[in-house]
Each structure stands twice: as C-alpha cells, then as structure tokens.
Amino acid sequence: MKIVVTGAAGFIGSSTCDALRSRGDTVVGIDNFDPYYDPALKWHNLENALADGHFTLHQADIRDVAAMDAIIGAAAPDVVVHLAARAGVRPSLLDPHVYFDVNVMGTESIFRAIRRHGVPHAVLASSSSVYGATSRPPFREDEPADQPSSPYAATKRANEVAAYAHHHIWGTTITLLRFFTAYGPRQRPEMAIHRFAGLIAAGRPVPMFGDGTTARDYTFIDDIVAGVLASIDRPNGYRIYNLGTTTQVPLHDLITLLAARLGRSARVDQLPAQEGDVPLTHADISLARRELGYEPRTDIDDGLDRFIDWFRAESAMSDTGYFASVPA
C-alpha cells in the first residue's frame, strides 16, 4: 500500500513509518518540525527512514491547505494516517488558541484534501483525554465524552465529531484511535516517563503533582503501532477504538519503578494537583480486540526495561540531544 503519514517525525509517527516500511509499504511522510521540542530529535527519529527509497518526506504544516492538497493529491495514497497535532494537556491550558488552530483547523485541511482526491480511508490519532474526569472506568468508546478537562482534549473530541460529519456526508471511511498514554523509545522529552528518567538519572527532584495516586493506562509504543497498522488494514466505515492495556499504574509507583531501573533513589517534589489532570485513565479494549484483533503484549515492567535500555543508549550519545534536553 501507499500511505501518507502526518507527524511522521514524531514519537508515534516515526515508529509507525518504520513499521510500515518494514512490512513493505511505501510511505510519504509530512512533518513541519515544529520547535515544541527540539527538531533535531525529530530528524534523529527519521534517520533510518530517510535512507530508505520507499520513504519520502515533505516538510510542511498541516494548516497549509494548498500544501496538503498538493502532497496528498500527488501521492494518491490508499490511506492517510493523520498523527500530526500539538500535544500536551497542561500546555494547552496556557495557549488554547494554538491548539485549536493546529489540531482542529489542521485536521480540517487534511479532511479537505482527502475528500478532494478521493482517498478511501483515513486513520486519525485521538486521545484517551477525551474522556475527561467524569467518565466511568473502564472507558468505553460509546461514552458521551462531552466534558473534556482541557483544551487539548476538546480539540481531539472536536476532530472525532468532525470526522463523523465527513463520513456521513461524503462517505469517507474514517478510523479514530484513542491512544492511552503511549511511552517507549523516542518518547518526547517532556512526557512523564522520559522526563522523570532524566531527572532521576541527573539526581534532580521529580515533580509529583497531587498525592501520587493518579493512575494511567500506560501503553507501550509497539502496541500502539500494532493497533495503528491493524486499523489501516481493517477499514470499517466510521469507527472509534481505544488502544490501551486495561492496566493502571499509579504515579508514585511509576516513579519507584523508574528509580529502581536507574539504580538511584528518587527525590520527589510534591506539588498541588494541576488543572486539566484527570484522576484515572482505564481503557476498555474489547471493541478493538473484536474488530481489529488488537492485543497489547507489553506490560509495564517489560516496557520500562525497554525504555530504559533506549534511554541509556541515547544518553551515551549526548549529541542527539535526548538526554540534554530533559526539561527542568
């Protein structure tokens, strides 16, 4: 198949591109290398892909309607996998305008190109954050999800609703994937597991917002990518799927697990709970199991082992910037 991937240089995007290339697909990547975090890290993510003749990269912004139209039109893909977004719950509280601009208007330009060029199937990244603080665990895809706890979550839910309109009016087959706290190699440096590992390794205090009992359904990158590939291969009208593990890890346990793997004790700086945080994420994955054959295979112990192996290797290669760029 020929597949366009937006956000191709990011954590999930580059991992998806590598998996698609490995199985023989031709991949056209789009990324604007936004400085939300160091663009050098994104170029590092694509080193293997850029050496592959079956991968083409376009440096462009998804909000550029003409560019998206031209790239998608020229590619004539079987599927568009739209992973590009401005990420992060807490930063969205500080600048909601840019989140709606990038995530909603950018997605609309992708929809427009898909419709104009008759792309038969689109796979879009959504987020477990759409469930907010009022959904009852385990979270099911048929939840109303109409009380988001952050602007970021609101943008992701808005895209789900817009996707239904495109499916209903123009017949586009659209699959939306609600990712539950992805982690693993190439994870963005400001995300909790990567950030905490850097702080613990440097002997610096780890900020813990709240009492440490907030819990997340941490999902290893290989399981996320397996779900993306399964959704590419099994188009089914308009669908929303949870991609998680069904297991929750409390924040204080996560810090302890990371410290043990790094052979250090963690100094915790306990801070007040932050707006936008939810107490729990917990995926019901029965629909993805039934319709996609999705089955997460990496538990938190194995996943953290694999992350720390990657983290140590990248830390030893400080010129890549992963270790040096851990936020304070």
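Conventions and cut-offs
- Residues numbered from 1 in each chain as written.
- Predicted model: local features only at pLDDT ≥ 70, side-chain atom pairs only at ≥ 80, totals over all residues.
- Heavy atoms only, no water.
- Helix = DSSP H or I, 4+ residues; strand = E, 2+ residues; numbered from the N terminus.
- Rg over C-alpha atoms; globule rule 2.2 N^0.38 Å.
- Buried < 20%, exposed > 50% of the residue type's maximum accessible area, 1.4 Å probe, protein only.
- Contact = heavy atoms within 4.5 Å.
- Areas by Shrake-Rupley, 256 points an atom, 1.4 Å probe, with all protein chains shown as cover.
- Lys, Arg positive; Asp, Glu negative; His and termini not counted.
- Charge placed at Lys NZ, Arg CZ, Asp CG, Glu CD.
- Salt bridge = Lys/Arg side-chain N within 4 Å of Asp/Glu carboxyl O.
- Polar contact = N/O pair within 3.5 Å; in protein donor to acceptor, adjacent residues only side chain to side chain.
- Pairing = 2+ DSSP bridges.
- Axes fitted to C-alpha atoms, helices over the stretch in contact; angles between N-to-C directions.
- Parallel < 35°, antiparallel > 145°, perpendicular 65-115°, else oblique.
- Left-handed = near helix turned anticlockwise from the far one by under 90°.
- Nonpolar A, V, L, I, M, F, W, Y, C, P; charged D, E, K, R; others polar.
- Expected span 1.5 Å × (residues − 1).
- Core = buried A, V, L, I, M, F, W, Y, C linked by side-chain atoms within 4.5 Å.
- Phe/Tyr/Trp six-rings, centres within 6.5 Å; stacked < 30°, edge-to-face > 60°.
- Lys NZ or Arg CZ within 6 Å of the ring centre and 35° of its normal.

**Student:** Would you take a moment to explain the overall build of the protein for this structure?
**Tutor:** Helix and strand content of the protein: 12 helices and 13 strands. Taking 20 Å as the expected radius of gyration for a compact globule of 328 residues, we find that the protein reaches 19 Å, a close match to that expectation. C-alpha atoms of the protein, sized along the principal axes, occupy 55 × 45 × 40 Å. Per-residue burial over the protein gives 55% buried out of 328 residues. Of the contacts made within the protein by residues no fewer than 6 positions apart, 82% connect residues no fewer than 24 positions apart. Of the roughly 13,400 Å² that the protein leaves accessible, carbon and sulfur atoms contribute 51%. Counting 30 positive and 39 negative side-chain charges, the protein places the averaged centre of each group 1 Å from the other.

**Student:** Mind showing me how you'd approach the pattern of salt bridges here?
**Tutor:** Pairing is possible between side chains of opposite charge, provided their charged atoms come close. A full pass over the atoms with the stated rule returns 20 salt bridges. Taking the shortest distance from any N to any O, the salt bridge between Asp 222 and Arg 306 comes out at 2.5 Å. Within this pair, whereas Asp 222 is found in helix α9 (residues 221–233), its partner Arg 306 is found in helix α12 (residues 300–316), the two being separated by 84 residues in sequence. Ionic contacts of the salt-bridge type, sharing partners, join the residues Asp 18, Arg 21, Asp 52 and Arg 186 into one network.

**Student:** Honestly, the side chain of Asn 242 in this entry has me stumped. Any pointers?
**Tutor:** Tracing the backbone through its elements, the reader meets Asn 242 in strand β11 (residues 238–243). Here Tyr 131 takes part through its side chain, which lies 2.7 Å from a polar atom of the side chain of Asn 242. Side-chain polar atoms of Asn 242 contact the backbone oxygen of Phe 139, separated by 2.8 Å. Excluding residues within four positions of it along the chain, Asn 242 makes contact with Tyr 131, Phe 139, Arg 140, Glu 141, Arg 178, Phe 180, Ala 283, Asp 284, Ile 285, Ala 288 and Tyr 294.

**Student:** Hey, could you run me through the sheet that holds β11 in this one?
**Tutor:** To summarise the sheet geometry, strands pair through backbone hydrogen bonds and adopt either a parallel or an antiparallel arrangement. Pairing is parallel across the open sheet formed by 7 strands, whose spatial order is β3-β2-β1-β4-β5-β6-β11. Bordering the open sheet on either side are β3 (55–59) and β11, each of which pairs with just one other strand. The average undirected angle you get between the axes of adjacent strands in this sheet is 20°. Strands in contact with helix α1 (residues 11–22) are β1 (2–6), β2 (26–31), β3 and β6 (173–179); relative to β1, the strand with the most contacts, it is inclined by about 170°. Across the sheet, helix α4 (residues 65–75) touches β1, β2, β3 and β4 (79–82), and the angle it forms with β2 is around 175°.

**Student:** It is not clear to me how the packing of α1 against α9 should be interpreted in this structure. Could you clarify?
**Tutor:** Between two packed helices, what matters for the description is the angle formed by their axes and the separation of those axes. Between α1 and α9, the least distance of the axes is 10 Å, while the angle of their chain directions is 60°. Taken together, the axis directions place α1 and α9 in an arrangement best described as oblique. Considering how the two elements wind past one another, α1 and α9 form a crossing that is right-handed. The segment α1 lies against α9, with Phe 11, Ile 12, Ser 15, Thr 16, Ala 19 and Leu 20 engaging Ile 221, Ile 224, Val 225, Val 228, Leu 229 and Ile 232. For the contact of α1 with α9, a count of residues per class yields 10 nonpolar, 2 polar and no charged.

**Student:** Looking at this model, I keep getting lost on the pairing of strand β8 (residues 206–209). Mind explaining?
**Tutor:** Successive residues of a regular strand alternate their side chains across the two faces of the sheet. In β8, alternate side chains face the same way, and those of Val 206 and Met 208 on one face and Pro 207 and Phe 209 on the other are all buried. Relative to strand β13 (residues 268–271), β8 runs parallel, the two sharing 4 bridges. The residue bridging Pro 207 from the neighbouring strand is Asp 269, located in β13.

**Student:** Explain the packing of helix α10 (residues 251–262) against α12 to me, please; I cannot follow it from the model alone.
**Tutor:** The interhelical angle for the contact between α10 and α12, taken along N-to-C directions, is 50°, at an axis separation of 10 Å. Of the possible angle classes, the one that applies to α10 and α12 is oblique. Every pair of crossing elements has a handedness; the one defined by α10 and α12 is right-handed. From α10, Leu 254, Leu 257, Leu 258, Arg 261 and Leu 262 reach across to α12, where they touch Ile 300, Asp 301, Leu 304, Asp 305, Ile 308, Phe 311 and Arg 312. Split by residue class, the contact of α10 with α12 holds 8 nonpolar, no polar and 4 charged.

**Student:** Looking at this structure, I do not really get α1. What am I missing?
**Tutor:** In an α-helix there are 3.6 residues to a turn, and that puts residues three or four apart on one side. Between its first and last C-alpha, α1 extends 17 Å over 12 residues, near the 16 Å set by a 1.5 Å rise per residue. Extensive coverage of α1 is indicated by the burial of 10 of its 12 residues. Downstream of α1 by one or two residues, Gly 24 has phi in the positive range, about 100°.

**Student:** How do you make sense of the nonpolar core when you look at a structure like this?
**Tutor:** Note on soluble globular proteins: their nonpolar side chains tend to be buried together. Judged by nonpolar contacts, the single largest core of 66 residues is most densely connected at Val 5, Val 81, Phe 179 and Leu 254. In terms of nonpolar packing, the next biggest core, distinct from the first, is built from 28 residues, Val 28, Ile 114, Leu 124 and Ala 163 among them.

**Student:** I'm lost on the packing of aromatic side chains in this one. Help?
**Tutor:** For the coordinates displayed, the defined rule picks out 9 aromatic pairs. Site record: aromatic cluster; members linked through ring pairs are Tyr 131, Phe 139 and Phe 180. In this structure, Lys 42 packs its charged tip against the face of Tyr 37, placed 4.6 Å from the ring centre. Over the ring of Trp 170 we find Arg 115, and its NZ or CZ is 4.2 Å from the ring centre.

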